[in-house]
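If you want the building blocks of each chain, they are given just below.
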Amino acid sequence: MARFVFRRLALLIPILFGLSLLLFLWVRALPGGPAIALLGERATPEAIERFNRLYGLDRSLWEQYASYMGRVVRLDLGASTRTNRPVLTEFWERFPATIELALAALLIAVAVGIPLGYFAARRFGTWLDNSSVVASLIGVTIPVFFLGFLLKYVFAVRLGWLPSQGRQDARLAVEHPTNFYVLDGIVTGNLNATWDAIAHLILPAIALASIPLAIIVRITRASVLDVLNEDYVRTAEAKGLTKRVISRRHVLRNAMLPVSTTIGLQTGLLLSGAILTETVFALPGIGTYLVRAIDGRDYSAIQGVILIIAVIYVIVNLLVDISYGIIDPRVRVR
Amino acid sequence: MSIQAAEILAETTHVDEEHGGSVRVEAWRRLRRNPAAIAGALLVLLFLLVAAFAPLLAPYGPTDQVALDQIRPGSIPGPSSEHVLGVDNLGRDELSRLLYGARQSLIIGVGSTLIGFFFGCLLGLAAGGLGGWVDGLAMRLVDIMLSIPGLLFAIAVAALVGKTRLGLMIAIAVPAIPIFARLLRGSMLAHREADYVMAAKSVGVRQSRIVFSHIVPNSLSPVLVQGTLLLATAIIDAAALSFLGLGTDDPGVPEWGRMLADSQSYLAAAAHLAFLPCIAIVISALGFTLLGESLREALDPRFRR
């Protein structure tokens, strides 16, 4: 086990080196550059030159990459060319918003998806089953940002039930020790602030949940159907075990194996979807930050943030693989 | 025994393995009996027909501002007998734009799928066929590409290639390359040890011939399924990129994603202009998803009953 984890972590190193090189070349191949993005199209050549010298962009590519990597291995991702603040600081200000959003969406997807998929399979062929299949198909095909707009239009603009944008009411004077706004309210003892943060999360989380929800419903349903046909379920029934015991001990536990892997594999989808949902609901998360960084040709910000996302993404996938071995003794890694 | 005879033997061993009747025939039989597959095929057919005959079906041109005089700030006329689905903010007939939009979606979907399929298969073929350090290198490249979430990758590519239709296709295709490559390689590795490959090898069929005539044709199924599913994702991703302002720069092009994105700014005045392209996207993506999923089930031996 330890060897497996170690080998997978070691594999991360060439991936990150390759990625950093490709990222480095890619941002510099983008049309325009940070100087033009910041100083405008009509900036004088002297001003651009001064800007480039300030950020070391006048040196050769090789020199730039070497010095960049020299700093990266010391966990210094450089400063944003737009704000002149360390990329890592900006990342930690924004990333909690994305995590909160993604976790809330995942929570909705799991809490609704597993029971729905389970009951669809138990009532195979009924209207509940058929409508859950159709709904999950529509769930994966409906554009996330459109669903976001729809929810915002109906529940925020028309009905006024929930806030339409941002993470928290700006009039609330709250401290943010962790930048996880839901948590901050609890930590500082301000439950009003926590509720306000949750209210701001509901609509974007539902929009973002649509795709993982649809996938979880489908996998749960298929998996429960598979397990229901297994010999051990028939044996359990023949032994005269009660329906409850069979469902809980035999069906659910075995059916959850593929579901748990699927849940882990949603990370990429959630991060992709977060970019769209954050844009719709004007959430200051990492998705909107990246889109703006690309627009502003903010080299350090783009490179740094994508690198961190890749690390998180690869580690989450590793955790999924490990957890699969823990949950299912049959596939325990050697 | 001649090489041809050996190959026939190899083929028959393969057929035998599948309990009489080749995999494809069996899959086709099951596909025809699956209502989801038929529904998907009908939706795809409808989409293809609309795309092909858009000029005949559309009452107006997609860029003609036929009702410009009826547009007032904050008010866009709804459906009428002249314009069944109403007009957009520039006075263009919505129905005509939707019909022509099928063409754009088809071109973007097929184009990006072909680009992703071609380069993905090339990479997978090199990895699975040559093995050794080529395999190692190709798979590290695949790992790197897969370490970035799909849409983020597409945004990155879109920023680089520019806001044209081809750019949009490339942006959607590139994140799919590692998926195709990994699928083809995995499938080829599984088939490399199959009995029919051993049979062909033992009678001295050349390695390149084994790869191209035996392993590749038998390994393509999962890749083809993925291709069908990518057609659906491509249509949705094109909409997402358009929404983020990374679609085509030409406002005249009747592309569903762009129509949907544009409609957000006058959602209150004309909500139907947002719903219609969204419905078009959902219907066409649904068609390809249903078809792809049924194809996967039909080709998957585990679903054989």
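The structure displayed is predicted, hence computed values, not measured ones. What you see as residue numbers is a count from 1 along each chain, following the sequence as written. For naming, the first written chain is A and the first written ligand is 1, with later ones following in the order written. Given that the model is predicted, a residue must reach a pLDDT of at least 70 before its local features are reported, and side-chain atom pairs must reach 80 or more before they are shown or counted; all residues, however, enter totals for whole chains, interfaces and linings.

**Side note on the overall build of chain A**
Here is step 1 of the chain: Numbering of helices and strands runs from the N terminus, with a helix taken as a DSSP run of H or I at least four residues long and a strand as a DSSP run of E at least two residues long. Looking only at helices and strands, one finds 14 helices and zero strands in chain A.
Here is step 2 of the chain: Principal-axis analysis of the C-alpha atoms gives chain A an extent of 85 × 55 × 40 Å.
Here is step 3 of the chain: Looking at the 334 residues of chain A, the share that counts as buried comes to 37%.
Here is step 4 of the chain: Partitioning the intrachain contacts of chain A with sequence separation of at least 6 by distance along the chain shows that 72% fall at a separation of at least 24. Any residue whose C-beta has 12 or fewer other C-beta atoms within 10 Å is treated as exposed, any with 20 or more as buried, and any in between as partly exposed, C-beta atoms being built from the backbone. Two residues qualify as a contact pair if the distance between their C-beta atoms, derived from the backbone, is within 7 Å.

**Points about the overall build of chain B**
Here is step 1 of the chain: Scanning chain B from terminus to terminus reveals twelve helices and zero strands.
Here is step 2 of the chain: Of the regular secondary structure in chain B, the N- to C-terminal order runs α-α-α-α-α-α-α-α-α-α-α-α.
Here is step 3 of the chain: Sorting the 305 residues of chain B into buried and exposed places 48% on the buried side.
Here is step 4 of the chain: Sequence-distant contacts in chain B: of pairs separated by 6 or more residues, those separated by 24 or more amount to 72%.

**Digging into the interface of chain B and chain A**
Here is step 1 of the chain: Tallying the contact residues gives 29 residues for chain B and 32 residues for chain A.
Here is step 2 of the chain: Breaking the side of chain B that touches chain A down by element, the ones donating at least two residues are α5 (132–146), α6 (150–161), α10 (207–243) and α12 (272–299) of chain B.
Here is step 3 of the chain: Classification used: nonpolar for Ala, Val, Leu, Ile, Met, Phe, Trp, Tyr, Cys and Pro, charged for Asp, Glu, Lys and Arg, polar for all others including Gly. Here the side of chain B that touches chain A is composed, by residue class, of 23 nonpolar, four polar and two charged.

**So, the environment of B:Leu57**
Here is step 1 of the chain: Mapping B:Leu57 onto the fold places it in helix α3 (residues 35–57).
Here is step 2 of the chain: Measuring from C-alpha to C-alpha, the distance between B:Leu57 and B:Tyr100 comes to 9.2 Å, with 43 residues separating the pair along the chain.

**Points about the domain arrangement of chain A**
Residue and element names in this part refer to chain A.
Here is step 1 of the chain: Split by domain assignment, chain A resolves into domain 1 (16–73) and domain 2 (87–327).
Here is step 2 of the chain: Reported domain spans reflect what an automatic or database domain assignment gives. With centres defined by C-alpha atoms, the gap from domain 1 to domain 2 works out at 36 Å.
Here is step 3 of the chain: In this assembly, twelve residues from domain 1 lie in contact with ten residues from domain 2.
Here is step 4 of the chain: Those elements giving two or more residues to the side of domain 1 that touches domain 2 turn out to be α1 (2–29) and α2 (34–39).
Here is step 5 of the chain: Of the residues that constitute the side of domain 1 that touches domain 2, the class distribution is nine nonpolar, three polar and no charged.

**With respect to unusual backbone geometry**
All names here are of chain A.
Here is step 1 of the chain: With a phi close to 50 degrees, Ala 282 is a non-glycine residue in the positive phi region.
Here is step 2 of the chain: Topologically, Ala 282 is positioned in the loop between α12 (267–280) and α13 (286–295).
Here is step 3 of the chain: Here Ala 282 falls in the partly exposed class, since 14 other C-beta atoms lie within 10 Å of it.
Here is step 4 of the chain: Residues other than glycine seldom take positive phi values, yet Arg 297 does so here, at roughly 50 degrees.
Here is step 5 of the chain: With 22 C-beta atoms packed within 10 Å, Arg 297 lands in the buried category.

**So, helix α8 (residues 177–192) of chain B**
All names here are of chain B.
Here is step 1 of the chain: Across its 16 residues, α8 extends 22 Å between first and last C-alpha, which sits within 8% of the 22 Å expected from 1.5 Å per residue.
Here is step 2 of the chain: Those residues of α8 that fall on the buried side of the exposure criterion are Ile 177, Pro 178, Ile 179, Phe 180, Ala 181, Arg 182, Leu 183, Leu 184, Arg 185, Ser 187 and Met 188.
Here is step 3 of the chain: Looking at the buried residues of α8, the elements they touch are α4 (94–130), α5, α7 (165–173) and α10. Every helix has an expected span of 1.5 Å times one less than the residues it contains.

**So, the packing of α4(B) against α8(B)**
Each packed pair of helices is defined by two parameters, the angle between the axes and the distance between the axes.
All names here are of chain B.
Here is step 1 of the chain: At their nearest, the axes of α4 and α8 sit 7 Å apart, and the two run at 40 degrees to each other. Judged by the sense of rotation from one axis to the other, the crossing of α4 with α8 is right-handed. Residues Gly 116, Phe 117, Phe 119, Gly 120, Cys 121, Leu 123, Gly 124, Leu 125, Ala 127, Gly 128 and Gly 129 of α4 touch α8, and the partners they reach there are Ile 177, Ile 179, Phe 180, Ala 181, Arg 182, Leu 183, Leu 184, Arg 185, Met 188 and Leu 189.
Here is step 2 of the chain: Of the residues contributing to the contact of α4 with α8, the split by class is 14 nonpolar, five polar and two charged. Axis geometry follows a simple rule: fit a line to the C-alpha atoms, using only the stretch in contact for helices, then measure angles between N-to-C directions, giving values from 0 to 180 degrees. Helix crossings are classified by the rotation of the near helix relative to the far one: an anticlockwise turn of less than a right angle makes the crossing left-handed, while a clockwise turn makes it right-handed.

**Observations concerning the environment of A:Leu271**
Here is step 1 of the chain: Looking at the element boundaries, A:Leu271 is found in helix α12.
Here is step 2 of the chain: On a C-alpha basis, the gap between A:Leu271 and A:Tyr65 in space is 27 Å, while along the polypeptide they are 206 residues apart.
Here is step 3 of the chain: Residues contacting A:Leu271, with those up to four places away along its chain left out, are A:Ile309, B:Pro149 and B:Leu152.

**Regarding the confidence of the model for chain A**
Here is step 1 of the chain: For every residue, the pLDDT score states the predictor's confidence, bounded by 0 at the bottom and 100 at the top. Looking at chain A, pLDDT values average 81 and 96% of them are 70 or higher.
Here is step 2 of the chain: Confidence, read as mean pLDDT per element, is least for helix α8 (residues 181–187) of chain A in chain A (73) and greatest for helix α5 (residues 87–122) of chain A (88).

**So, helix α9 (residues 195–202) of chain B**
All names here are of chain B.
Here is step 1 of the chain: The complete set of buried residues in α9 reads Tyr 196, Val 197 and Ala 200. Relative to the axis of α9, the buried residues are bounded by an arc of 100 degrees and lie together on one face. Turned more than 90 degrees away from the buried face of α9 sit Asp 195 and Ser 202, all of them exposed.
Here is step 2 of the chain: Count one or two residues on from α9 and you reach Gly 204, which has phi positive near 85 degrees. The arc in question is formed by the directions pointing from the helix axis toward the C-beta atoms.

**Some words on the packing of α4(B) against α5(B)**
Residues and elements named next belong to chain B.
Here is step 1 of the chain: The contact between α4 and α5 brings their axes to 7 Å, and the two run at 145 degrees. Considering the relative orientation of α4 and α5, their crossing is left-handed. Between α4, through Leu 123, Ala 126, Ala 127 and Leu 130, and α5, the contact on the second element is made entirely by Gly 132, Val 134, Asp 135, Ala 138 and Met 139.
Here is step 2 of the chain: In terms of residue class, the contact of α4 with α5 is made up of seven nonpolar, one polar and one charged.

**What about the nonpolar core?**
Within soluble globular proteins, side chains that are nonpolar generally end up buried alongside one another.
Here is step 1 of the chain: Residues of type Ala, Val, Leu, Ile, Met, Phe, Trp, Tyr and Cys that are buried and joined through C-beta atoms within 7 Å form what is called a nonpolar core. One finds A:Val305, B:Ile155 and B:Phe180 to be the most contacted residues of the largest nonpolar core, which totals 162 residues.
Here is step 2 of the chain: Both of domain 1 (16–73) and domain 2 (87–327) of chain A provide at least three residues apiece to this core.
Here is step 3 of the chain: Not counting residues within four places of it along the chain, the set of residues in contact with A:Val305 comprises A:Val87, A:Phe91, A:Ile286, A:Tyr289, A:Leu290 and A:Ala293.

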